[in-house]
Amino acid sequence: MKFFADTADTAEIRELAETGLLDGVTTNPSLIAKSGRDFKEVTKEICGLTDGPVSAEVVALDHETMMREAEVLRKIADNVCIKVPLTIDGLKTCSKLTDDGTMVNVTLCFSANQALLAAKAGATFVSPFIGRHDDNGIDGMHLIEDMRLIYDNYGFETQILAASIRHATHVLQAAKIGADVATMPPKVIKALADHVLTQKGLEGFTADWAKTGQSIL
Ligand code: E4P
């Protein structure tokens, strides 16, 4: 499973990239607003922090303007992945962009039928929003299960990019189902390493080592 950081905070991305665990980054207009930075400038900086895909989202709602925005965004760096919404105009844009080899992430996916359309449009990634389903009392994992089944039924190469992840259990469940990618807030990526018994074990080893009076270095 690939791990993408769901943030436009370059300090956090840099820190994660240094762990060697980061495979890409996703942003959206809300995350760009939260960063307080210029969209193109921060996207360029992020693209320099990872070799993996960096999703940059169009904000237009019509196909023609989406194409013009995508033209600007994909010039920022070779690893820019154009993010488009799951609407008919977004899917049309996806088809056009993927025809000439541009990576596309179709976002705001909330149903398996929408995911089927995104795959038919040739999307590189499709982003089902797990947490927002959960927020509305629906188990978002059922969507990931349905998508895995449908994509495997027809051999679609579109990657399932589990998004709107809120906690480590979401990551575990998505990995068990076989989502190709999980995009997570950096704090969730770090939380995957946490276990109370790891901490307790370390405290015991550190205390016992101190009693030996030895040093490795
Ligand atoms: C990622 O591509 C999505 O934009 C993001 O995961 C949405 O997450 P949220 O529901 O926490 O805003």
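Worth saying up front: this structure is predicted, and the values here are computed from it rather than measured.

Draft legend 1. Structural view of a nonpolar patch on the surface. On the surface, a nonpolar cluster with roughly 450 Å² of combined accessible area is contributed by Trp209, Ile216 and Leu217. By the secondary structure assignment, Ile216 is in the segment after helix H11 (196-212).

Draft legend 2. Local environment of the sheet that holds strand S7 (residues 159-162). Strand order in the closed barrel formed by eight strands is S1-S2-S3-S4-S5-S6-S7-S8, with parallel pairing between adjacent strands. Sheet twist, expressed as the average angle between the axes of neighbouring strands with direction ignored, equals 30°. Bridging between strand S4 (residues 80-85) and strand S5 (residues 104-109) involves four bridges; their strand directions are parallel. When the bridges of S5 are listed, Lys83 appears paired with Asn105. Across the sheet, helix H6 (residues 112-120) lies against S5 and strand S6 (125-128), angled at about 165° from S5, the strand it touches most.

Draft legend 3. The arrangement of the site of the ligand in detail. Taken together, Asp6, Thr26, Asn28, Lys83, Phe129, Arg132, Ala163, Ser164, Arg166 and Thr183 are the residues near the ligand. One of the side-chain N or O atoms of Arg132 is found 2.7 Å from an oxygen atom in the ligand. A distance of 2.7 Å separates an oxygen atom of the ligand from a polar atom in the side chain of Ser164. Summarising the interface, the protein chains cover 84% of the accessible area of the ligand, which totals 340 Å² for the free molecule. When the residues that make up the shell around the ligand are grouped by side-chain class, the tally is two nonpolar, four polar and four charged.

Draft legend 4. How the structure looks around the nonpolar core. If you look at the biggest cluster of nonpolar residues, it comprises 55 residues, and the most contacted ones within it are Ile82, Val106, Val126, Tyr151, Ile165 and Met184. Here the element with the most residues in this core is helix H8 (residues 140-154); it accounts for six residues. What Tyr151 contacts, discounting residues up to four positions off in sequence, is Ala115, Leu116, Ala119, Val126, Phe156, Thr158 and Ile160. Membership of the second largest hydrophobic core comes to five residues, among which are Phe4, Cys81, Phe125 and Leu161.

Draft legend 5. Just helix H5 (residues 88-99), in detail. With 12 residues, H5 ought to run about 16 Å at 1.5 Å a step, and its terminal C-alpha atoms sit 17 Å apart, in line with that. When we look at burial in H5, the residues that qualify are Gly90, Leu91, Thr93, Cys94, Leu97 and Thr98. An end-on view of H5 places all buried positions within 160° of arc, on one side of the element. Turned more than 90 degrees away from the buried face of H5 sit Ile88 and Asp99, all of them exposed. Elements that come into contact with the buried residues of H5 comprise helix H4 (63-74), S4, S5 and H6.

Draft legend 6. Focus on the packing of aromatic side chains. This structure, assessed with the given rule, holds four aromatic pairs. Geometrically, the ring pair formed by Tyr151 and Phe156 is edge-to-face, given 5.8 Å between the ring centres and 70° between the ring planes. Residue class for Tyr151 comes out buried when judged on its relative accessible area of 1%. Here Phe156 falls in the partly exposed class, since its relative accessible area comes to 24%. Connected via pairs of aromatic rings, a cluster forms that spans Tyr151, Tyr154 and Phe156.

Draft legend 7. Inspection of unusual backbone geometry at higher detail. Positive phi, close to 60°, is recorded for Leu108, a residue that is not glycine. Structurally, Leu108 is set in strand S5. Unlike most non-glycine residues, Ser164 shows phi in positive territory, near 55°.

Draft legend 8. Here's a closer look at H8. Over its 15 residues, H8 extends 22 Å from the first C-alpha to the last, a length consistent with the 21 Å expected when each residue adds 1.5 Å. Among the residues of H8, Gly140, Met141, Leu143, Ile144, Met147, Arg148, Ile150 and Tyr151 are the ones counted as buried. Next to the buried residues of H8 lie S5, H6, S6, helix H7 (130-135), S7 and helix H9 (168-177). Two to three positions downstream of the cap, the backbone nitrogen of Met141 sits 2.9 Å from a side-chain oxygen, assigning the N-cap of H8 to Asp139. Backbone geometry just after H8 places Gly155 at a positive phi near 65°.

Thresholds, definitions, all that
- Residues numbered from 1 in each chain as written.
- Predicted model: local features only at pLDDT ≥ 70, side-chain atom pairs only at ≥ 80, totals over all residues.
- Heavy atoms only, no water.
- Patch = residues over 30% accessible without salt bridge, like charges linked within 9 Å, V, L, I, M, F, W, Y side chains within 5 Å.
- Areas by Shrake-Rupley, 256 points an atom, 1.4 Å probe, with all protein chains shown as cover.
- Salt bridge = Lys/Arg side-chain N within 4 Å of Asp/Glu carboxyl O.
- Helix = DSSP H or I, 4+ residues; strand = E, 2+ residues; numbered from the N terminus.
- Pairing = 2+ DSSP bridges.
- Axes fitted to C-alpha atoms, helices over the stretch in contact; angles between N-to-C directions.
- Contact = heavy atoms within 4.5 Å.
- Near = heavy atom within 4 Å.
- Polar contact = N/O pair within 3.5 Å; in protein donor to acceptor, adjacent residues only side chain to side chain.
- Nonpolar A, V, L, I, M, F, W, Y, C, P; charged D, E, K, R; others polar.
- Core = buried A, V, L, I, M, F, W, Y, C linked by side-chain atoms within 4.5 Å.
- Buried < 20%, exposed > 50% of the residue type's maximum accessible area, 1.4 Å probe, protein only.
- Expected span 1.5 Å × (residues − 1).
- Arc of directions from axis to C-beta.
- Phe/Tyr/Trp six-rings, centres within 6.5 Å; stacked < 30°, edge-to-face > 60°.

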